[in-house]
Amino acid sequence: MRAASIGDYREAARRRLPHFLFEYFDGGSYAERTLRANIDDLQHIALRQRVLNDVSAIDLSTTLFGQSLSMPVALGPIGLAGMAARRGEVQAARAAAAKDVPFTLSTVSACSLSEVAQGCPTPFWFQLYMVRDRGFLRALLEEASAAACPVLVFTVDMPLPGARYRDVRSGLSGAPGLAGQLRRVGQAMRRPGWAWDVGIHGRPHQLGNVAPLLGPKSGLEDFLGWMKDNFDASVTWADLDFVRAHWQGPIVIKGILDAEDARHAAAAGADGIIVSNHGGRQLDGVPSVARALPAIADAVGDRLTVLADGGVRSGLDVVRMLALGAKGVMLGRAWAFALAADGERGVRHVLELIEAEMRVAMALTGVTAVNQIGQETLAA
Ligand SMILES: Cc1cc2nc3c(=O)[nH]c(=O)nc-3n(C[C@H](O)[C@H](O)[C@H](O)COP(=O)(O)O)c2cc1C
């Protein structure tokens, strides 16, 4: 069956991925209220239908941080996305390049920075997590500069990880040692397509940028354990100076959910922020992005570039986020599901769906350019 929507890709990913991996991509933290609220609150925002405007020529293009894009959309950072398909981050980066939108590589990707740089002709954005080992971070930032990454996304909403019950139940993080490994292998064997493509031929144990720090311990479990032990919970606004000292280009702070913090980011000289609650994977019970975004955009929208992510499952949702005050929108699970289901082609198709859906939403709200989308685009 050809996927017609991002929802279809989610179902296709469920069928293709071993259970523990689907749960990893799909899940949130604790009772998953924020995860659900991201999606529901956004979809409940009513657009204002307008008619009899000339909408025969709709222009989706925009510029973010000096970069011309075909539409105000980027693929956001997804740790271990490369486990969804063979050398998955390279495939996703190529899809983004083909559609003229940025791809963001996570610090904790499955493919390393150099592998993605070699595999994809177009520079991509790089996302930084503050880990304790500053020497490692310096080297990583140098590598990202050498790869001509135009934008650094600095994620600040994970001083420590939120509890993800689904990962414990699925056997991803709750079953240590051989027992856990056997459980995951059992689940993988029930997904022969994935097992052949990724498990056997995809070098799943070459775990990207952090591989040198893991040493011989290269299992998924070691990787998750390393993340838990090495993320630096002592980071403050002052550490932005460290990042600034080692990065020449624009810095975009990801994980802002409060207007006060947004003002801090502007005062600290950030070029942009991403209003985000990490897709409902960190503190369950915080507001959805759709609820938090308007006040933040009001507070700092004239001082830095406000992007947003969380719960975007269609081009209509992109238009809603823009109407709430974002200048650009990141996709998260949407592209990870498509990558799992159909690799590079799936991610390209998701971007095509978003583009087509945005066009319809713009036509029927009576706007022809993305900078015309605003509060007036929403029904009272
Ligand atoms: C499986 C998974 C892994 C993620 N890994 C990262 C990461 O490595 N770095 C990061 O900044 N955000 C990460 N995020 C958060 C996403 O960048 C984004 O904020 C979130 O997925 C948006 O919500 P949505 O997926 O519901 O659209 C991850 C999200 C998911 C679902």
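Residues numbered from 1 in each chain as written. Predicted model: local features only at pLDDT ≥ 70, side-chain atom pairs only at ≥ 80, totals over all residues. Heavy atoms only, no water.

This paragraph deals with the layout of surface pockets. Of the pockets and cavities examined, the largest pocket occupies roughly 900 Å³. Lining the largest pocket are 42 residues, and of these Tyr 24, Met 158, Arg 164, Met 227 and Arg 281 lie nearest its centre. Of all elements in the fold, only helix H2 (19–26), strand E5 (125–129), helix H7 (165–170), helix H11 (220–230) and strand E10 (328–331) reach the threshold of two or more residues within the lining of the largest pocket. Of the residues belonging to the lining of the largest pocket, the class tally is 19 nonpolar, 13 polar and 10 charged. When its volume is computed, the second largest pocket comes out at roughly 660 Å³. Along the walls of the second largest pocket sit 31 residues, with Val 156, Asp 157, Met 158, Pro 159 and Gly 255 positioned nearest its centre. Every element with two or more residues in the lining of the second largest pocket is listed here: strand E6 (152–155) and strand E7 (251–256). For the lining of the second largest pocket, the leading source of residues is E7, giving 3 residues. Broken down by class, the residue content of the lining of the second largest pocket amounts to 19 nonpolar, 8 polar and 4 charged. (1 Å grid on protein atoms, 1.4 Å probe; cavity = no way out; pocket = protein on both sides within 12 Å on 5 of 7 lines; lining within 4 Å. Points joined across faces, edges and corners; volume = space filled by probe spheres on them. Helix = DSSP H or I, 4+ residues; strand = E, 2+ residues; numbered from the N terminus. Nonpolar A, V, L, I, M, F, W, Y, C, P; charged D, E, K, R; others polar.)

Right, let's talk about the site of the ligand for a bit. Neighbouring residues of the ligand: 22 residues in total, closest Pro 77, Ser 106, Thr 155, Asp 309 and Arg 333. Between the ligand and Asp 309 there is a distance of 2.7 Å, counted from an oxygen atom to a side-chain nitrogen or oxygen. For the ligand, an oxygen atom lies 2.9 Å from a polar atom in the side chain of Arg 313. Within the complex, the protein chains bury 98% of what would otherwise be the 600 Å² of accessible surface of the ligand. Put simply, the parts of the chain that give the shell around the ligand at least two residues each are H2 and E5. The class makeup of the residues in the shell around the ligand is 7 nonpolar, 10 polar and 5 charged. (Near = heavy atom within 4 Å. Polar contact = N/O pair within 3.5 Å; in protein donor to acceptor, adjacent residues only side chain to side chain. Areas by Shrake-Rupley, 256 points an atom, 1.4 Å probe, with all protein chains shown as cover.)

As a further point, take the packing of aromatic side chains. For the coordinates displayed, the defined rule picks out 7 aromatic pairs. Seen in terms of ring centroids, Phe 103 and Phe 124 are 6.4 Å apart; in terms of plane orientation they differ by 65 degrees. Their pairing is edge-to-face. On the criterion of sequence distance, the pair formed by Phe 103 in the loop between helix H4 (88–98) and strand E4 (104–105) and Phe 124 in the loop between helix H5 (113–119) and E5 is long-range, its members being 21 residues apart. Here a set of aromatic residues connected by ring pairs shows up, and it is made of Phe 103, Phe 124 and Trp 335. Geometry around Phe 242 places Arg 134 over its ring, the cationic atom sitting 5.6 Å from the centre. (Phe/Tyr/Trp six-rings, centres within 6.5 Å; stacked < 30°, edge-to-face > 60°. Lys NZ or Arg CZ within 6 Å of the ring centre and 35° of its normal.)

Applying the stated criterion across every chain, the model contains 17 salt bridges. The residue Asp 317 makes a salt bridge to Arg 320 at a minimum N-O spacing of 2.8 Å. Pair noted here: Asp 317 and Arg 320 are both in helix H15 (residues 315–323), with a separation of 3 residues, about one helical turn. The residues Asp 317 and Arg 320 share a single accessibility class, namely buried. Connected through salt bridges with shared partners, the residues Arg 10, Glu 11, Arg 14, Glu 23, Asp 26, Glu 32 and Arg 166 form a single ionic network. (Salt bridge = Lys/Arg side-chain N within 4 Å of Asp/Glu carboxyl O. Buried < 20%, exposed > 50% of the residue type's maximum accessible area, 1.4 Å probe, protein only.)

Grouped together as the largest cluster of nonpolar side chains are 119 residues, with contacts concentrated most on Phe 103, Ile 273, Leu 331, Trp 335 and Met 358. The greatest single-element share of this core, amounting to 15 residues, is contributed by helix H16 (residues 333–365). Beyond its immediate sequence surroundings of up to four residues, Phe 103 is in contact with Leu 75, Glu 89, Ala 92, Ala 93, Ala 96, Val 116, Phe 124, Trp 125 and Trp 335. If you look at the next biggest cluster of nonpolar residues, it comprises 10 residues, including Leu 64, Leu 69, Val 252 and Ile 274. (Core = buried A, V, L, I, M, F, W, Y, C linked by side-chain atoms within 4.5 Å. Contact = heavy atoms within 4.5 Å.)

Here we take up the packing of H15 against H16. Relative orientation of the contacting elements H15 and H16 amounts to 60 degrees, with a least axis distance of 7 Å. Considered as vectors, H15 and H16 are oriented oblique to each other. Viewed along their axes, H15 and H16 form a crossing whose handedness is right-handed. The segment H15 lies against H16, with Gly 315, Leu 316, Val 318, Val 319 and Leu 322 engaging Ile 354, Glu 357, Met 358, Ala 361 and Met 362. (Axes fitted to C-alpha atoms, helices over the stretch in contact; angles between N-to-C directions. Parallel < 35°, antiparallel > 145°, perpendicular 65-115°, else oblique. Left-handed = near helix turned anticlockwise from the far one by under 90°.)

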